[in-house]
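Listed here are the chains, written in short residue letters.
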Amino acid sequence: STGGGGGGGACPFCGSSTPSPTVSCAVQTSSASVPTSSLEDNFNTGLDSAIWNTGASSGVTISTNCGAVSGSAAYFSGAGTRALVSNALDLSTGGDVQFAIRLGSGGSPCESVDNGEDVVLEYSVNGGSSFVVLRTIESGEASTFTEMTVPLPAGARTSSTILRFRQLEHDGGGFDNFAIDNFAYLSLQIAAGDEATVRFSVSSPNGLPPNGKAKFTFPSSFNLTTVKASSGTSSADGSFATSVSGQVVTLLRTGGTLTSGTVSFVIANVTLPPVSGTTAALGTAYETSSGDCVAETANVPGVNITAHEFQTAPALSLADARTGAVDTATFSFTTFNPIPANGKVRIEFPSASPTFSLASAALASESIADGGLSFSRSGSVIELTRSSASAPLPKSSAVEIVLSGVTNPSVSASIGGTTVTSQTTTGVAIDTGVVANVTVGPNVLSPADVSTASLEGIVLSDEVGNASVTFLTTNAVSSGGSVRVVFPSGFTLSSGGTTSVVSATPSGSFASAVSVSGQNATLSVSSTIASGTSVSAVLSHVKNPSYTSENIGSTGAYAIETAASGGALIDRNASVPSDALRRRVGSLVVSIDASAIIKAGSVGDLIVTFSPSFTLENDGLIVVTLPSEYAVNAGGTTAAQSVSLSGSLSVIGVSGRSVTVRRNSDGTAVSAGTHSFRLTRVRSPTQAGGTGPFAVQTRRSASYVIDQNTTVAGPTIVPNDLTSASVSVSASTAGAATSLLFSFGVFNEMPANGVLRIQLPSTAFQQYSFNFNGTTAFEIVQNMQGSFGSVSINTTTYTLEATRLATSAVAAGQGGVQVRVTHLRQPVVSGSVGSAAVTTLTSGGGAAIDAASIAIPVVSAAALLPPTSLVSTDVRSGAVPVLTMTLTLENALAANGKLEVTFPTSFTLGSGGSVGVGGQSGVDGGFSVTSETSTRRVTMARDGSGSAIAEGTTVVLNITNVQNPPFAGTTSAFQFATRASNDELIDVNNAVPGLTIVPNVFVYTNVSLSVLNSGSETNVTFMFEPTNDVPRGSRIVVGVPSGFALNFGGSTGVLTSANISGSFTSAVDAGARTVTLTRDTFITTTALSKGTVVSVTISHVRTRQSGGATSGFSVTTRSSSGAVYDEASDISGPALIPGVLKAASVTPSSLVAGASVNVSVSLTLRNPIASNGVIEVVFPSGFTLPSSVSVVGTSGAVSGETLSGSVSGQTLKVQRGGSSALAADSVVTFNAIGSFVNPGVTGGSGAFTVRTLTPDESGIIDAGEAAEVTLSAGALTSASVALANPPAKAGSTATLRVSFTIANALASGDFVRVAMPSGFVASSSVGASASAPGGATFGASALSGGSVVELQLTSSGGASSGTSFVIDVSGVRVPEVSGTSGTFSLETRAAGSSNATRDSATNLSGVTISANDLSGVSASLASGLRDAGDVGTVTVTFTTVNPVPVD
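Model, not experiment: these values are computed from the prediction.

Participant: Got a sec to walk through the overall build of the chain? Specific residues and values, please.
Facilitator: Within the chain, the secondary structure is distributed over zero helices and 122 strands. Its C-alpha atoms give the chain a radius of gyration of 56 Å, clearly above 35 Å, the size a compact globule of 1447 residues would have. Taken along the three principal axes of its C-alpha coordinates, the chain extends 200 × 75 × 65 Å. Taking as baseline every contact in the chain between residues at least 6 positions apart, the subset at least 24 positions apart corresponds to 73%. Total accessible area on the chain stands at roughly 59400 Å², and carbon and sulfur atoms take up 49% of it. Of note, the chain has its 62 positive side-chain charges centred 9 Å away from the centre of its 88 negative side-chain charges.

Set out below in structure tokens:
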């Protein structure tokens, strides 16, 4: 019958000894369960604390005193309570408790258990407050170890049930002993595909007859082929034999009695269905020995099957387990059950953050398809569905699934909860497993750098300043996150102030406040920083480590890490490169004596005097760097000679203008004091004017500076002398048309486009006229090639200038040069007109070269009255010149007559001695000269020794020791007169024109700046020594050149002054760039006396916004009415240092070694750049730059602007074509498009140099360094590793065929590395043969214990990019087991110390290894084995090739 109902055949044994032949088979009650072991303890290593509560247990030890099933047992012998108590266990799935127990049955130490001293198994579901007995083991019941199975009732099935074994009574310690072994809890939670024991509980109304049969019908999903003849047992008496037919297991009972009530049957070795879920119904039946039905049921509820754990738990490995990386995830596991031909594998990642992103995930490879395979993803789930497979994937199959494009979490985390499940096509679970936690660590911040106060790139000890932190983010850092900078030991944060963020790029990335703890500076991120962002931050008040050694040390490595708001790490660089560390550089007091070569172009000695701060040893070095205008090795080899420096010296190197002098170890070490030496054969600049500063360093070695002074003031070079200089005139009569013929020789070369300047003398009375009867011109007469351009005439200074129009210079030393100045008119007053100043100059009249003062012939008087005149040889204010008095007599003057001149009020008579008269003409005899200070009258009385002077005679007299007015301007008129001896006037002229007095020059001027950086705020100190006294109430006016600005960063004012008595007020004219100091008129205020050095320092001045030499500073002293005393209008200042770019980066479009790329450049200006300014980028030597390039402004200040690019060597130059200048702090970003090629090896590229230049590229505005980029390996394509001669047998020696195509060229001596999977071993005699263009050859060697084969390219010429290789590697022993090997990887590497990777390929498919052959296999039967069914021994003999593991 079916369905539990009656019906069917006759039942001769249905409840009575005489059954009715027509009675139907009875219905019996049955249940089926499958317990599995989930908790076990064999007590061999003590009590398992995962099961037993050792604190609550008592009277029990681990021993063999009562024996054991195996090993040891729990032995009970204590004097007090004897109890073994479990922890609260999860028994919620039900099942059985199994154990083996022995009660003592002899003498000590396993003394017999007496009646009433029973052992009970109990349970508690209320935490041990009360217990319920499950089973009682009475004395005498188990005198040897007896296995017992106790089913758990429903009341015991909780998630926190406590079990307890307890002896009710005993007679004291050492008596009534017992032991328990092999404890197990068999859960009813069973797994698909397990070989299990099925327990049936059958309650039949008719009982099980003696010699009857118990039949059990299983659904078709069960596999009964594993059931054995001894698999079935029963709680009924008698013995049972087991047989299987189809899906029916029959237990044939032999003997026994009619068994009524509930009978337990156990059938072992049943293989459960290979899928989870509740099985179909089972059936049970009792039959007589002849097969008649006693009772049956066909609807025994099925058992619930859970998914099985995979045979090996699923494992997840990440190729790049770093935050944010787009990773390759490899899942590997071994199936327990088959996967159907249309089955699935489901991978479910955790959905809660932090977790992986599958948005770009794809299937890279797998080992489950046998035909088609579909891939799908939804949220956090990946499904792979087999299709068109020819067969199920067998059980125990090793599976590998590789997913590409899996994006790791953006923060560090240990991520668990990923599950892998095999399923039927409808999604029913088969096998399952949870992947162990996988750790994603922080990604790399690279490049990264920390730099502090330094000299020539070396950190200076104890310096306090700013620290610049730069890095490139790999992952974004959200607002609220942090950046931690770890400084090496020795650095001090918040030194002299609180460390804070001074500036940052991108702007606003960080809060200004910094959290400082020890060596850690933690910056709070205030604005999200995107991935791939170049970040920089400047931290203030960082003190460098102390360091006193003279040797170069190291700061130690820095560390930078980014973290999320909760503190989880994002990116990290724990080994930011250390900096070199050195003792601070001392100051050097230096003076330069260039008096021997003060004239332009002269060659001679230069004397250097210095006072060191630190000791210079007797073998130390001194490096002198001359300004750019000087030259060494002039006319011979420059040598060094001691003046007062101990020992001898040698010049050991000249590089440009830098001369390295070595002390020759024959002197003593010098420290304090002043020491001098000379450099010979030095040529001064070939043009006059101020020079740049000298730089002097003392060094311990070529790279170690001891002391230095880089701003040693140089001398002011004066023009050299024109030789054999003279002048002649074509006509000398006053007012006549004339020309001047100048003859001279040049000392220095005069350029082909040089300038000739001739300044003619002039006074208020005697002046040349120009362009007279034609255009004044310079005509070359001899010894000068070419011609002159038009003459530029300054009628105020009587200066003529013209530029040569020639193709060659006038050579240095050329004599006999003659140049005629045409179309001039002589002065209309006779007499000596003075000297002409003749000067040769550089192009554009920039600087004087050679000069001479040439006296011009005297102008003869005209027969006219007037003229009368007074001419001065020096019209500078305060000068004491020779004054030439010229007059033509209307009337004769007697031999004792007098000549008289009265000077204006501002002249001083008798300066430097009594007024004298000499050099007269037109008059003979002697004079008696008297002067009256009050009337300023000089009377020249003839002494009668001469003759009378006829009328119409021109008289010329030179008057000396008369001082000019102390200020500039035109004087009042002079008065000339002739008198008789009784002082009567004879002739008179009261309106002889006065002199035009020009400002004098200062005796000494100097300008210094407190800050030499371009575009920076500075104080300017003016120092000067007046030529003329400056009275109280006067003014001092100081000015700065064009390009400088006043009122910068504050109001310009007088900061300090020296040697100015009294008080003064100051006024600033920002437009004119001048500051005027007006002195008071108090009686206590004294004059500024000539010979006194005065200094004035003004504040809040901005320097010019480009580097280089400065000039155009001015100082003027004036009277209260504004008249000029002394004046200097073009004072040279110190050279300015270019600014430092606030940020700079250079980023190739690809960071793969050898790739052809475009380049993105970004920089932040410190100073403005002109509309047509130039940006220059110098690439490290490994880059190859294209011959042509196009440049596109991508963002920032040059977006949309026309940019032009050019390449020279490693330098890219970009010229703006904008409409306006870019302001300071502008961000310039552009792409350079062309075939730039990255270096061909991995690693750091080296830093880039970025500069901004003036449009003509003559001046550097800003400069900076862009951090290097890190290059990754190129990809080997068509890469594979195979057996050259398959198949290979396990443990044999084989030849591997390695194939690949290179992306980056190989040089002779480069390497190819083959990393083999576990089990492969290359022998010491490993060899290689190659097939490649050009007949490439390789040498082979084994590394890393034979797991790596290194192939070195030995043939010359190397191999170009794109070359394909096939290399056979012999002498490799394959693994000792069959199957598909692990994966291979390949690398090409550069030869040499770097051994850097060029290209790589990983995860190359393994090769298939077949099993090796057992040899000598034979089998023999024992002699007693003859007939079918005999039992005996079979001996099998064989010889192994490979070892067999212990398991």
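Participant: Residues and numbers for the sheet that holds strand E94 (residues 1108-1118), please.
Facilitator: Reading across from one edge, E91-E92-E89-E94-E95 is the order of the five strands in this open sheet, with antiparallel pairing throughout. Unpaired on one side and paired on the other, strand E91 (1064-1069) and strand E95 (1124-1136) mark the two borders of the sheet. Ignoring which end each strand starts from, the neighbouring axes of this sheet average 15° apart.

Participant: Let's hear about the state of the cysteines: which residues, and what values?
Facilitator: Within the structure shown, the criterion is met by two disulfides. Two residues, Cys25 and Cys293, share a disulfide whose sulfurs are 1.6 Å apart. Classification of the bridge connecting Cys25 and Cys293 rests on its S-S torsion, roughly -45°, and on that basis the disulfide is left-handed. Taken as a pair, Cys25 in the segment before strand E1 (26-27) and Cys293 in strand E22 (residues 293-300) lie far apart in primary sequence, 268 residues in all. The residue that forms a disulfide with Cys66 is Cys110, at a sulfur-sulfur distance of 1.9 Å.

Participant: Now, about the side chain of Asp431: what can you tell me, with residues and values included?
Facilitator: Summarising the element assignment, Asp431 is placed in strand E34 (residues 429-434). No salt bridge forms around the buried Asp431; measuring N to O, its nearest opposite-charge neighbour Lys395 is 8.5 Å away. Those residues in contact with Asp431 that lie beyond four places of it in its chain are Ala307, His308, Phe310, Thr335, Phe336, Asn337, Val420, Thr421 and Ser422.

Participant: With reference to specific residues and values, describe the sheet that holds strand E17 (residues 239-245).
Facilitator: Here we have six strands laid out as an open sheet, ordered E1-E22-E21-E15-E18-E17, and mixed in their pairing. In this open sheet, the two strands that pair with only one neighbour each are E1 and E17. In the sheet, strand E15 (residues 213-217) pairs with strand E21 (residues 282-287) via five bridges, with the strands oriented antiparallel. Bridge assignment links Ala214 to a residue of E21, and that residue is Tyr286.

Participant: Talk me through the confidence of the model for the chain; I want residue IDs and the actual numbers.
Facilitator: Residue-level pLDDT values for the chain average 89, and 96% of them are 70 or greater. This stretch, residues 1-23, has a pLDDT under 50; its non-local contacts, to residues over four places away or in other chains, come to 49 contacts.

Participant: Help me get a handle on the pattern of salt bridges, residues and values and all.
Facilitator: What the rule picks out here adds up to 30 salt bridges. For Lys1289, the salt bridge goes to Asp1413, with nearest N and O atoms at 2.4 Å. With Lys1289 in strand E110 (residues 1288-1289) and Asp1413 in the loop between strand E120 (1408-1410) and strand E121 (1415-1421), this pair connects stretches of sequence that are 124 residues apart. By relative accessible area, which is 44% here, Asp1413 ends up partly exposed.

Participant: Residues and numbers for the packing of aromatic side chains, please.
Facilitator: How two aromatic rings sit relative to each other is set out by the distance from centre to centre and by the angle between their planes. Overall, the coordinates contain 35 aromatic pairs when judged by the stated rule. With 5.7 Å between their ring centres and 65° between their planes, Phe1179 and Phe1183 make a pair best called edge-to-face. In this structure, Arg700 packs its charged tip against the face of Tyr704, placed 4.6 Å from the ring centre.

Participant: Provide a residue-level description of the environment of Phe694, including the pertinent values.
Facilitator: Note on placement: Phe694 falls in strand E60 (residues 694-701). In this structure, the C-alpha to C-alpha distance between Phe694 and Ala1279, residues 585 residues apart in sequence, is 62 Å.

Participant: Go over the nonpolar core with me, naming the residues and quoting the values.
Facilitator: Residues Phe1300, Met1316, Phe1320 and Phe1365 are the most contacted members of the largest nonpolar core, which totals 34 residues. Of all the secondary structure elements, the ones that give two or more residues to this core are strand E109 (1277-1283), strand E111 (1293-1301), strand E112 (1311-1315), strand E113 (1321-1331), strand E115 (1348-1353), strand E116 (1364-1373), strand E118 (1384-1389) and strand E119 (1397-1404). Ignoring sequence-local partners within four residues, the contact set of Met1316 consists of Leu1296, Val1321, Ala1322, Gly1346, Ser1347, Val1348, Val1349, Val1372 and Phe1384. Core analysis: the next-biggest nonpolar cluster, separate from the first, contains 32 residues, Val1146, Leu1165, Val1198 and Ala1232 among them.

Participant: An account of the pairing of E111 is needed here, citing residue identities and associated values.
Facilitator: Two elements, E109 and E111, share five bridges in a ladder whose sense is antiparallel. Bridge pairing links Thr1277 to Thr1301 in E111. Direction of pairing for E111 relative to E116: antiparallel, over a ladder of eight bridges. Bridge pairing links Val1298 to Ile1367 in E116.

Participant: Lay out unusual backbone geometry in plain terms, naming residues and giving numbers.
Facilitator: Going from Ser108 to Pro109, the amide bond is cis rather than trans, its omega being 10°. Its location among the elements puts Pro109 in the loop between strand E7 (95-103) and strand E8 (119-124). A cis geometry characterises the amide bond from Pro1286 onward to Pro1287, with omega recorded as -5°. Here Pro1287 shows up in the loop between E109 and E110. Here Asn633, not a glycine, exhibits a phi torsion of approximately 55°, which is positive. With respect to the helices and strands, the residue Asn633 is situated in the loop between strand E54 (621-625) and strand E55 (640-642). Phi angles above zero are rare outside glycine, and Arg936 is one such case at about 60°. Mapping Arg936 onto the fold places it in the loop between strand E79 (927-932) and strand E80 (937-942).

Participant: If you had to explain the side chain of Thr1097 to someone new, which residues and values would you point to?
Facilitator: Along the chain, Thr1097 falls in strand E93 (residues 1094-1102). With relative accessibility at 8%, the residue Thr1097 sits in the buried group. Here the side chain of Thr1097 touches Thr1021 through a polar contact of 2.8 Å, side chain to side chain. Among residues more than four places away in sequence, those in contact with Thr1097 are Asn1019, Val1020, Thr1021, Gly1053, Val1054, Leu1055 and Thr1056.

Participant: Please give an account of a nonpolar patch on the surface that cites residues and values.
Facilitator: A surface patch of nonpolar side chains, amounting to about 590 Å² of accessible area, comprises Leu1414, Val1417, Leu1421, Val1434, Val1436 and Phe1438. Taken together, the elements giving at least two residues each to the nonpolar patch come down to E121 and strand E122 (1434-1439). If you tally residues by element for the nonpolar patch, the top one is E122, at three residues. When you line up the elements, Phe1438 lands in strand E122. Relative accessible area serves as the criterion here: at 45%, Phe1438 is assigned to the partly exposed category.

Participant: Would you mind going over the environment of Gly67 in detail, with residue names and values included?
Facilitator: Mapping Gly67 onto the fold places it in the loop between strand E4 (60-63) and strand E5 (73-76). Separated by 688 residues in the primary sequence, Gly67 and Val755 have C-alpha atoms spaced 124 Å apart. Setting aside residues no more than four positions away along its own chain, Gly67 makes contact with Ala73, Arg102 and Phe145.

Participant: Please provide a residue-by-residue account of the pairing of E116, values included.
Facilitator: Across seven bridges, E113 lies against E116 in antiparallel orientation. Residue pairing across strands places Ser1329 opposite Asp1368, the latter belonging to E116.

Participant: Residue-level account of the environment of Ser1405, with values.
Facilitator: By the secondary structure assignment, Ser1405 is in the loop between E119 and E120. C-alpha of Ser1405 to C-alpha of Ser1381: the two residues are 24 residues apart in sequence and 8.2 Å apart in space. The contacts of Ser1405, once residues within four sequence positions are left out, are Val1281 and Phe1384.

Reading the values: rules and limits
For every chain, the first residue of the written sequence is number 1, and numbering continues from 1 along that sequence. Local features in a predicted model are, by the rule used here, given only for residues with pLDDT of at least 70; side-chain atom pairs are given and counted only at 80 or more, and totals for whole chains, interfaces and linings are based on all residues. To get the side-chain values, all heavy atoms of the structure are used, and hydrogens and water are removed first. Segments assigned H or I by DSSP are reported as helices when at least four residues long, segments assigned E as strands when at least two residues long, and all are numbered from the N terminus. With the radius of gyration taken over C-alpha atoms, the globule rule is written as 2.2 Å times the number of residues to the power 0.38. It only takes one pair of heavy atoms within 4.5 Å for two residues to be counted as in contact. Method for areas: the Shrake-Rupley scheme with a 1.4 Å probe, in which residue coverage is limited to the protein chains shown. Working convention for charge: Lys and Arg count positive, Asp and Glu count negative, and His plus the chain ends are omitted. For the purpose of locating charges, the reference atoms are NZ of Lys, CZ of Arg, CG of Asp and CD of Glu. In this description, strands pair whenever DSSP reports at least two bridges between them. Axis lines are fitted through C-alpha atoms, for helices just across the contact stretch, and the angle between N-to-C directions can take any value from 0 to 180 degrees. Disulfides are defined as cysteine sulfur pairs within 2.5 Å. The cut-offs for exposure are 20% and 50% of the maximum accessible area for each residue type, with area from a 1.4 Å probe on protein chains only; residues under the lower value are buried, those over the upper are exposed, and the others partly exposed. Here, a salt bridge means any Lys or Arg side-chain nitrogen found within 4 Å of an Asp or Glu carboxyl oxygen. A residue's pLDDT is the predictor's confidence in that residue, given on a scale from 0 to 100. Between the rings of Phe, Tyr and Trp (Trp by its six-membered ring), a pair exists once the centres lie within 6.5 Å; its type follows the angle of the planes, with under 30 degrees stacked, over 60 edge-to-face, and the other angles tilted. Working rule: Lys NZ or Arg CZ, within 6 Å of ring centre, within 35 degrees of ring normal, means a charge sits over the ring. Throughout this description, the term nonpolar core refers to a set of buried Ala, Val, Leu, Ile, Met, Phe, Trp, Tyr and Cys residues connected via side-chain atoms within 4.5 Å. Counted as a polar contact is a pair of N or O atoms within 3.5 Å, where, for protein atoms, one must be capable of donating a hydrogen and the other of accepting one, and residues adjacent in sequence contribute only when both atoms are in side chains. Residues enter patches when their relative accessible area tops 30% and they take part in no salt bridge; the joining distance is 9 Å for like charges and 5 Å for the nonpolar side chains Val, Leu, Ile, Met, Phe, Trp and Tyr.

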